[in-house]
Structures are given as C-alpha cells and as structure tokens.
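Remarks on the overall topology
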Amino acid sequence: MSIPSLSKGPIIPNVKPVVPNVYQEHLSSIIESANEHTAQINKELEKISEEREKRYQDGVTREEKMIELLESIDKNTSVLNDIFKILEENTKDQKAILDILNDFNSLATINEPTKAQGLYRKIMNKINTVLSDVNTMTTLYSYGMTVYSTLHSMGKI
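Here we look at the pattern of salt bridges
Counted by the stated rule, this structure contains three salt bridges. With a shortest N-O distance of 2.9 Å, Lys 126 and Asp 103 are connected by a salt bridge. Of this pair, Lys 126 sits in helix 3 (residues 113–130) while Asp 103 sits in helix 2 (residues 94–106), and the two are 23 residues apart along the sequence. Residue class for Lys 126 comes out partly exposed when judged on its relative accessible area of 30%. For Glu 112, the salt bridge identified is with Lys 115, shortest N-O distance 3.8 Å. Residue Glu 112 is classed as partly exposed on the basis of its relative accessible area, which comes to 42%.

Printed below as a string of structure tokens:
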C-alpha cells in the first residue's frame, strides 16, 4: 500500500478571513496597557521606598539626638550631687550659691544669644567675687559650663 503524496502549499487554499485580525490588535493594546500600568506601579513602589528610607533616616537622626540629649542630661545630673554637697557644707554662702544656680537656670529662658552670653559673664563674675571656697567655685564653674554647652548645642547661645 502506498501513501499518496500531497502537493505543497496550504491545506485549505484561498481562505480569506471574514473578520480582520482583531485578536492581534486587541492583544497589542492589552500588552501596551499592561506595560503602562507596570511602569506606573514601579514608580509608585520607588516613591514608597524613598519615603520609607527617609522615615528610617529621620528615625536614626532622632535617635542620635536623643542619645546626645541623654548624655548631656547625664553630665548635668552628675554635677548636681556636688552642688548639694556644697550647699550642705557652705551654709554661710547658701543664699549666694542658690542665687547663682537660679541665674544659671534662667539662662535657658533667654532667646537672644547676646543677652544670654552677657548674663553668663555676669554669673561667672559673681562666682569670682562672692565665693571664696575653691571647691565651691570649681563646682559652680562646672555646672555653668554644662549649662552653657547644653544651651550652645541647642542654639540658644
């Protein structure tokens, strides 16, 4: 039994499509629309990622500032023990010491750097003229420098 041979060419000759190739046009528009949506989604994801990174960096910066503030508070409070000892030991100078401490604390309420520096100079001069005990003077100087450096880091002086 032999297999008949077929002629080369289309199996169904001269078939004309009744409808133009709508599927190919429709598929192209779907692909184009999907590409546009993908590009838009990628832009939004990049924007979200940038916002997340900014929030993270803000948090890191805030934490660093908090650590600096806590370290400065630690320095401030370490001087307080010495101040209490001075107040206990130097009963004759207690009023002058309290006045000086109040003057230091009032530095924080002054918003003009020139006025704050002027008051700081007056306080230091008062320490030099009013007090004679070296330990008292050095402790108050330390406290004054701590207050001054804290206010300076805050931009008030």
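Describing the packing of aromatic side chains
Summed over all chains, the structure comprises one aromatic pair. Residues Phe 104 and Tyr 120 carry aromatic rings whose centres are separated by 6.5 Å and whose planes lie at 50 degrees to one another, so their mutual orientation is tilted. Here Tyr 120 lies in helix 3 and Phe 104 lies in helix 2, a separation of 16 residues in the sequence.

Structural notes on the layout of surface pockets
Looking at the largest pocket, its volume works out to about 290 Å³. As for the largest pocket, its lining consists of 12 residues, and the residues nearest its centre are Glu 68, Leu 69, Ser 72, Thr 150 and Ser 153. Secondary structure elements with two or more residues in the lining of the largest pocket: helix 1 (22–89) and helix 4 (134–153). When residues of the lining of the largest pocket are assigned to their parent elements, the largest contribution, seven residues, is made by helix 1. A breakdown of the residues in the lining of the largest pocket according to their chemical character gives two nonpolar, six polar and four charged.

Focus on helix 3
Over its 18 residues, helix 3 extends 25 Å from the first C-alpha to the last, a length consistent with the 26 Å expected when each residue adds 1.5 Å. Listed in full, the buried residues belonging to helix 3 are Ala 116, Leu 119, Tyr 120, Ile 123, Met 124 and Ile 127. On an axial view of helix 3, the arc spanned by its buried residues comes to 140 degrees, and they lie on one face. Looking at helix 3, the residues exposed on the side facing more than 90 degrees away from the buried face are Thr 114, Lys 115, Lys 122 and Thr 129. The elements touched by buried residues of helix 3 are helix 2 and helix 4.

Details of the packing of helix 2 against helix 4
Packing of helix 2 against helix 4 brings their axes to within 10 Å, and their N-to-C directions diverge by 10 degrees. Comparing the axis directions of helix 2 and helix 4 gives the class roughly parallel. For the pair helix 2 and helix 4, the sense of crossing is right-handed. Residues Ile 97, Ile 100, Leu 101, Phe 104 and Asn 105 of helix 2 pack against Thr 136, Leu 140, Tyr 143, Gly 144 and Val 147 of helix 4. When its residues are assigned to classes, the contact of helix 2 with helix 4 shows seven nonpolar, three polar and no charged.

Conventions and cut-offs
- Residues numbered from 1 in each chain as written.
- Predicted model: local features only at pLDDT ≥ 70, side-chain atom pairs only at ≥ 80, totals over all residues.
- Heavy atoms only, no water.
- Salt bridge = Lys/Arg side-chain N within 4 Å of Asp/Glu carboxyl O.
- Helix = DSSP H or I, 4+ residues; strand = E, 2+ residues; numbered from the N terminus.
- Buried < 20%, exposed > 50% of the residue type's maximum accessible area, 1.4 Å probe, protein only.
- Phe/Tyr/Trp six-rings, centres within 6.5 Å; stacked < 30°, edge-to-face > 60°.
- 1 Å grid on protein atoms, 1.4 Å probe; cavity = no way out; pocket = protein on both sides within 12 Å on 5 of 7 lines; lining within 4 Å.
- Points joined across faces, edges and corners; volume = space filled by probe spheres on them.
- Nonpolar A, V, L, I, M, F, W, Y, C, P; charged D, E, K, R; others polar.
- Expected span 1.5 Å × (residues − 1).
- Arc of directions from axis to C-beta.
- Contact = heavy atoms within 4.5 Å.
- Axes fitted to C-alpha atoms, helices over the stretch in contact; angles between N-to-C directions.
- Parallel < 35°, antiparallel > 145°, perpendicular 65-115°, else oblique.
- Left-handed = near helix turned anticlockwise from the far one by under 90°.

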